[in-house]
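If you want the building blocks of each chain, they are given just below.
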Amino acid sequence: MKRREYITRDSDEILKELTPLQIEVTRHNGTEMPYRNAYDQNEAPGIYVDLYTGEPLFSSLDKYDAGCGWPSFTKPLEKRAVKEKNDYSHGMIRVEVRSSGSDAHLGHVFPDGPEEAGGLRYCINSAALHFIPVEKMAEEGYEDYLDLFPGYDPKGTAR
């Protein structure tokens, strides 16, 4: 895929658009409530992007119901879009997942995902993501990712 430049917008500008929960999760390493969030049960096709930069992070094609109450993915859309670091907070040893572009806290990755898909579970806060449904991807500038969804045709013609 062609790599676009994703730039963090002015902090004051973006912070005006975010909810207190989104700021708590992404900037203060918070965690939203399980089962009571926007994307845990979202089954629509599309991509999940960084709130700050718009960089694509995860695809609905890699999302699965892990039963943990948060959106879970087997892998990031592009490995370079996320960074991982050890997290020793709360008396645990975990691996934190952050957006490479904005350094926003996204969630954690665990080694208990589906073995057939690599064995990882990216447990991600909905409050750290913005969902772009497949039918809006071209309109919002993500047409390069439409090939991931071969059954979808934005013009309504046979593909």
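The shown structure was predicted, so the numbers you read here are calculated from the model rather than taken from an experiment.

A.B. asks: How do you make sense of the overall build of the protein chain when you look at a structure like this?
C.D. replies: Each helix and strand counted, the protein chain has 2 helices and 9 strands in total. The N-to-C order of helical and strand elements in the protein chain reads α-α-β-β-β-β-β-β-β-β-β. The globule rule puts the C-alpha radius of gyration for 159 residues at 15 Å, and the 16 Å found for the protein chain is close to it. The C-alpha extent of the protein chain, read off along each of the three principal axes, is 55 × 40 × 30 Å. Going through the 159 residues of the protein chain one by one, you find that 48% of them count as buried.

A.B. asks: I'm lost on unusual backbone geometry in this one. Help?
C.D. replies: Glycine aside, residues mostly have negative phi angles, and peptide bonds mostly take the trans form. Phi is positive for Asn29, which is not a glycine, with a value near 60°. Judged by its relative accessible area of 41%, Asn29 is partly exposed.

A.B. asks: What is the right way to look at the sheet that holds strand β9 (residues 129-133) in this model?
C.D. replies: Across a sheet, strands are paired by hydrogen bonds formed along the backbone, either parallel or antiparallel in direction. Strand order in the open sheet formed by 3 strands is β2-β1-β9, and the pairing between neighbours is antiparallel. Each edge of the open sheet carries a strand with a single partner, namely β2 (56-59) and β9. For this sheet, the mean angle separating the axes of adjacent strands, direction not counted, is 30°. When strand β1 (residues 46-50) meets β2, the two strands line up antiparallel, connected through 3 bridges. Of the residues in β2, the one forming a bridge with Ile47 is Ser59.

So, how was this worked out
Residues numbered from 1 in each chain as written. Predicted model: local features only at pLDDT ≥ 70, side-chain atom pairs only at ≥ 80, totals over all residues. Heavy atoms only, no water. Helix = DSSP H or I, 4+ residues; strand = E, 2+ residues; numbered from the N terminus. Rg over C-alpha atoms; globule rule 2.2 N^0.38 Å. Buried < 20%, exposed > 50% of the residue type's maximum accessible area, 1.4 Å probe, protein only. Pairing = 2+ DSSP bridges. Axes fitted to C-alpha atoms, helices over the stretch in contact; angles between N-to-C directions.

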